[in-house]
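As a plain string of letters, each chain reads:
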Amino acid sequence: MALFSQEPHRDYDESKVRTYTLPDPLRFENGRKVRNRRDWGRRRTELLRLFEENVYGRSPGAMTDVSIEAPKVDIDALGGKAVRKMITIRFRETRTLDLLIYLPKKRPAPLFVGVNFRGNHTVTNDADIPITSKWVYNNRPASRGMQASQWPVEQIIDGGFGLATFHAGDISPDFNEGFQQGIEPLFYRPGQTRRDADEWGALGAWAWGLSRAMDYFEIDPDINPHRVAVMGHSRMGKTALWAGARDTRFAMVVSNCSGAGGATIARRRFGESAKDLWTHFPWWFCENYAKFSDNEDALPVDQHELLALAAPRPLYVGVAQEDLGSDPRGQLLSAVAASPVYRLLGTDGLAATEMPELNRPVTSRIGFHIRPGKHDITAYDWEQYLAFARKYI
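Being a predicted model, the structure only gives us computed values, none of them experimental.

Trainee: Whenever I open this one, the overall build of the protein chain confuses me. Can you help?
Mentor: Within the protein chain one finds nine helices and eleven strands. Since a compact globule built from 393 residues should have a radius of gyration of about 21 Å, the 20 Å found for the protein chain is in line with a globular shape. Each of the three principal axes of the protein chain carries a C-alpha extent, and together these read 55 × 55 × 45 Å. Classification of the 393 residues of the protein chain by burial places 60% in the buried group. Looking at the protein chain alone, contacts between residues at least 24 apart form 68% of all its contacts between residues at least 6 apart. With an accessible surface of roughly 15100 Å², the protein chain has 49% of that area assigned to carbon and sulfur atoms. Put simply, the protein chain has 51 plus and 49 minus side-chain charges, and the middle of one group is 4 Å from the middle of the other.

Structure representation (structure tokens):
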């Protein structure tokens, strides 16, 4: 599994990081300097296109043939402190997204939304949540509440926020199945049987699913759609960054241990590299990404520009000290390199240029912390994200 171990062929020695030159987010492809907000709007469009063509692939817009089943509502969830909703969204009557939502009693509520990896039933021990019948990791259904520590629903509710999530397998299964079982074939042209080289991979599909969840939030009177933070851990952190880049309706973006293909600078080749990603997870990206396997310097973009696409909205990057595979320092440097865009747009970016002390979060417009421990999302991480959201949204 990517990012979960320190594999022996990877470079974990900071002294061996070679010299590299980052592309300038404030300079157009033709070399002209970005000088103001209007210029940035054009540069932003250019960067989105470059990421689509070379990294995540082109994604379609919203689908018109969509229906929403009547929500299943429990007004006394979590011992009476929350409202739980289960909503099924149907796409052309052939694919479904099952959205699980917990809301505080004070509504309309601000909300965190993210993709879960093993099914909605793993988020809590709530016996009323159906066990998913979709694809699951290793083809073995996970036990109820298995990932509850990563989704501390009561902590989030007590913090005044709601939580919404759906299972990755609702949108695209996380294995190399040729893009036949997920949402992707619904967008194929007549006669098309496989994706084009610049079409979306699973990360793009999951991000598309987050935008469809956002479509629902806009029509639910119990949710404040202007105060929705998109978040994710690991591969879903990559997903959250791409969703936040593409869809500016998300008021805040949170990346937890997202690593290569997420928040960390690709050109550093520290820990997990583009070659690792393409070797082990080619379905996450568009096929054009293969050109940059062991060839990161040829990329026309780097991940600091993905972070810059969140500007000027609040952005938080959380890392872990022992998670060397996802290159904590590379994620810090990426946030630093995204900051000039934030400053151009009248805010402060990241108020640090060096790695902060453990458990000493930086809470400027780009937030950052490093905590002890390994590749995970913990109660400490959530504590920082909730405090950051209270400050900004």
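Now, onward.
Trainee: Would you take a moment to explain the pairing of strand 9 (residues 315-320) for this structure?
Mentor: Along a regular strand, successive side chains alternate from one face of the sheet to the other. Within strand 9, six of the six residues are buried, which leaves the element mostly enclosed by the surrounding structure. By the alternation rule, side chains of strand 9 split into Leu-315, Val-317 and Val-319 and Tyr-316, Gly-318 and Ala-320, which are all buried. With four bridges joining them, strand 8 (residues 252-256) and strand 9 adopt parallel strand pairing. Paired with Ser-255 across the strands is Val-317, a residue of strand 9. Two elements, strand 9 and strand 11 (residues 366-371), share six bridges in a ladder whose sense is parallel. Each residue of the ladder has a partner; that of Tyr-316, found in strand 11, is Gly-367.

Trainee: Even after reading the chapter, I still don't get the pattern of salt bridges, so can you show me in this structure?
Mentor: Close approach of charged atoms allows side chains of opposite charge to pair. This model, assessed by the stated rule, comprises 40 salt bridges. Here Glu-154 and Lys-81 are joined by a salt bridge, their closest N and O atoms 3.1 Å apart. Of the two residues, Glu-154 sits in helix 3 (residues 153-158) while Lys-81 sits in the loop between helix 2 (77-80) and strand 3 (82-91), which places them 73 residues apart along the sequence. Look at Lys-81 and you get partly exposed, because its relative accessible area is 29%. A single network of salt bridges, built from pairs that share partners, joins Arg-212, Asp-215, Glu-218, Asp-247 and Arg-249.

Trainee: How should I be thinking about the packing of helix 1 (residues 37-56) against helix 5 (residues 235-246) in this particular structure?
Mentor: Interaxial distance between helix 1 and helix 5 falls to 11 Å at its minimum, and their mutual angle equals 140 degrees. By crossing handedness, the relation of helix 1 to helix 5 is classed as left-handed. Within the contact between the two elements, helix 1 uses Arg-44, Leu-48, Phe-51, Glu-52 and Tyr-56 and helix 5 uses Trp-242, Gly-244, Ala-245 and Arg-246. Along the lines of polarity and charge, the residues of the contact of helix 1 with helix 5 split into five nonpolar, one polar and three charged.

Trainee: For this particular structure, what's the right way to read the packing of helix 4 (residues 202-217) against helix 5?
Mentor: The contact between helix 4 and helix 5 brings their axes to 8 Å, and the two run at 60 degrees. Judged by the angle between their axes, helix 4 and helix 5 are oblique. Our pair here, helix 4 against helix 5, has a crossing hand that is right-handed. Contacts between helix 4 and helix 5 involve Leu-203, Gly-204, Trp-206, Ala-207 and Leu-210 on the former and, on the latter, Arg-235, Met-236, Lys-238, Thr-239, Trp-242 and Ala-243. Split by residue class, the contact of helix 4 with helix 5 holds seven nonpolar, two polar and two charged.

Trainee: Sorry if this is basic, but what is going on with the environment of Gly-244 here?
Mentor: Take Gly-244: it is sitting in helix 5. Distance from Gly-244 to Ser-326, taken between C-alpha atoms, is 20 Å for residues 82 residues apart in sequence. Each residue touching Gly-244, except ones within four places of it in the same chain, is listed here: Arg-44, Val-230, Phe-250, Val-253, Leu-309 and Arg-313.

Trainee: I'm lost on unusual backbone geometry in this one. Help?
Mentor: Negative phi characterises most residues that are not glycine, and trans characterises most peptide bonds. Put simply, Arg-107 and Pro-108 share a cis peptide bond, and its omega is 5 degrees. Relative to the elements of secondary structure, Pro-108 occurs in the loop between strand 4 (95-104) and strand 5 (109-116). In this structure, the amide linkage connecting Ala-311 to the following residue, Pro-312, adopts the cis form with an omega of 0 degrees. Along the polypeptide, Pro-312 turns up in the loop between helix 7 (303-308) and strand 9. Within the chain, Asn-359 stands out as a residue other than glycine whose phi angle is a positive 60 degrees. Considering the arrangement of structural elements, one finds Asn-359 in the loop between helix 8 (328-344) and strand 10 (362-363).

Trainee: Whenever I open this one, helix 8 confuses me. Can you help?
Mentor: Residues separated by three or four positions in an α-helix point in the same direction, a consequence of the helix having 3.6 residues per turn. Look at helix 8: 26 Å from first C-alpha to last across 17 residues, which is about the 24 Å you get at 1.5 Å a residue. Along helix 8, the sharpest change in direction is near 30 degrees and occurs at Ala-338; proline Pro-340 comes one to four residues later. In terms of residue burial, helix 8 counts as a mostly covered element, since twelve of its 17 residues are buried. By the burial criterion, the buried members of helix 8 are Pro-328, Gly-330, Gln-331, Leu-332, Leu-333, Ser-334, Ala-335, Ala-337, Ala-338, Ser-339, Val-341 and Tyr-342. Those residues of helix 8 that are buried are in contact with helix 1, strand 8, helix 7, strand 9 and strand 11. Positive phi appears at Gly-346, one or two residues downstream of helix 8, with a value of about 90 degrees.

About the thresholds
Residues numbered from 1 in each chain as written. Predicted model: local features only at pLDDT ≥ 70, side-chain atom pairs only at ≥ 80, totals over all residues. Heavy atoms only, no water. Helix = DSSP H or I, 4+ residues; strand = E, 2+ residues; numbered from the N terminus. Rg over C-alpha atoms; globule rule 2.2 N^0.38 Å. Buried < 20%, exposed > 50% of the residue type's maximum accessible area, 1.4 Å probe, protein only. Contact = heavy atoms within 4.5 Å. Areas by Shrake-Rupley, 256 points an atom, 1.4 Å probe, with all protein chains shown as cover. Lys, Arg positive; Asp, Glu negative; His and termini not counted. Charge placed at Lys NZ, Arg CZ, Asp CG, Glu CD. Pairing = 2+ DSSP bridges. Salt bridge = Lys/Arg side-chain N within 4 Å of Asp/Glu carboxyl O. Axes fitted to C-alpha atoms, helices over the stretch in contact; angles between N-to-C directions. Left-handed = near helix turned anticlockwise from the far one by under 90°. Nonpolar A, V, L, I, M, F, W, Y, C, P; charged D, E, K, R; others polar. Parallel < 35°, antiparallel > 145°, perpendicular 65-115°, else oblique. Expected span 1.5 Å × (residues − 1). Bend = angle between axes of the 7 residues up to and from the residue.

Coordinates in, geometry out; function isn't part of it.
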